[in-house]
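Close look at the chain arrangement
What follows is each chain in one-letter form.
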Amino acid sequence: DLDGAEALLREALEGRQETLGDKHPSTLSSINNLGSLLHARGEYAKAEPLFREALEGRRAVLGDSHPNTRNALQNMMACKRALAASRPKQGPNERCACGSGLKFKKCHGKA
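Sequence positions are assigned chain by chain, starting from 1 and proceeding in written order. Given that this is a predicted model, residues contribute local features only at a pLDDT of at least 70 and side-chain atom pairs are listed and counted only at 80 or more, while totals for whole chains, interfaces and linings are drawn from all residues. Excluded from the side-chain calculations are hydrogens and water; all other atoms, namely the structure's heavy atoms, are used.

**Considerations on the overall build of the protein chain**
- In terms of regular secondary structure, the protein chain is built from five helices and zero strands.
- Helices and strands appear in the protein chain in the N-to-C order α-α-α-α-α.
- Using a 1.4 Å probe on the protein chains alone, a residue whose accessible area is under 20% of its type maximum counts as buried, one over 50% counts as exposed, and one in between counts as partly exposed. Within the protein chain, the fraction of its 111 residues that count as buried is 26%.
- Contacts were defined at the residue level, with two residues in contact if any of their heavy atoms lie within 4.5 Å. Here the contacts in the protein chain between residues at least 6 apart in sequence split such that 39% fall between residues at least 24 apart.
- For every accessible area listed, the method is Shrake-Rupley and the probe measures 1.4 Å; residues are considered covered only by the protein chains on display. For the protein chain, the computed accessible surface area is about 7,000 Å², with 52% contributed by carbon and sulfur atoms. Helix and strand definitions here come from DSSP, where helices need a minimum of 4 consecutive H or I residues and strands a minimum of 2 consecutive E residues; each element is numbered from the N-terminal end.

Have a look at this one:
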């Protein structure tokens, strides 16, 4: 039950933040774990800021070469790939999402 797991992960994260602080390695692991659960559910836009926070915190506390930092970097990259793949492709004759009001091919000069 992923919903039940999310509630438990959020509770654990809150407890670690209160007792250990935001930058403690265990707190950063809880942040990463919550991001992983959201990623597994396909909620990439919600997972991405958590992966970013875990990565930045681990870089600051553990350094770039630490295995946990590298794991956070891999999670961040996987999330970015999933986000990009989940975005709908824009057809050449559709209105451009940039807000110009032009068709995509006219706005950007290619299909």
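Now that the structure has been shown, we can carry on.
**Re the packing of helix α2 (residues 25-40) against helix α3 (residues 44-62)**
- Interaxial angle, 0 to 180 degrees, is taken between N-to-C directions of lines fitted to C-alpha atoms, where a helix line uses only the stretch in contact. Close contact between α2 and α3 brings their axes to 8 Å; oriented N to C, the two are set at 155°. Our classification of the angle between α2 and α3 gives roughly antiparallel. Regarding α2 and α3, the two cross each other, and that crossing is left-handed. Each of Pro25, Leu28, Ser29, Ile31, Asn32, Leu34, Gly35, Ser36, Leu38 and His39 in α2 lies in contact with α3, whose residues at this interface are Tyr44, Lys46, Ala47, Leu50, Phe51, Glu53, Ala54, Gly57, Arg58, Val61 and Leu62.
- Here the contact of α2 with α3 is composed, by residue class, of twelve nonpolar, six polar and three charged. Working definition: roughly parallel below 35 degrees, roughly antiparallel above 145 degrees, roughly perpendicular at 65 to 115 degrees, and oblique for all remaining angles. Here a crossing is called left-handed whenever its near helix is offset anticlockwise from the far helix by less than a right angle, and right-handed whenever the offset is clockwise. Each residue receives one of three labels: charged for Asp, Glu, Lys and Arg, nonpolar for Ala, Val, Leu, Ile, Met, Phe, Trp, Tyr, Cys and Pro, and polar for the others, Gly being one of them.

**Re the packing of helix α1 (residues 2-20) against α2**
- At a minimum axis separation of 9 Å, α1 and α2 run at an interaxial angle of 160°. The angle between the axes of α1 and α2 places the two elements in the roughly antiparallel class. Read as a crossing pair, α1 and α2 show a hand that is left-handed. Here α1 contributes Leu2, Ala5, Glu6, Leu9, Arg10, Ala12, Leu13, Arg16, Gln17 and Leu20 to the contact with α2, which in turn contributes Ser26, Thr27, Ser29, Ser30, Ile31, Asn33, Leu34, Leu37 and Leu38.
- Taken together, the residues of the contact of α1 with α2 sort by class into ten nonpolar, six polar and three charged.

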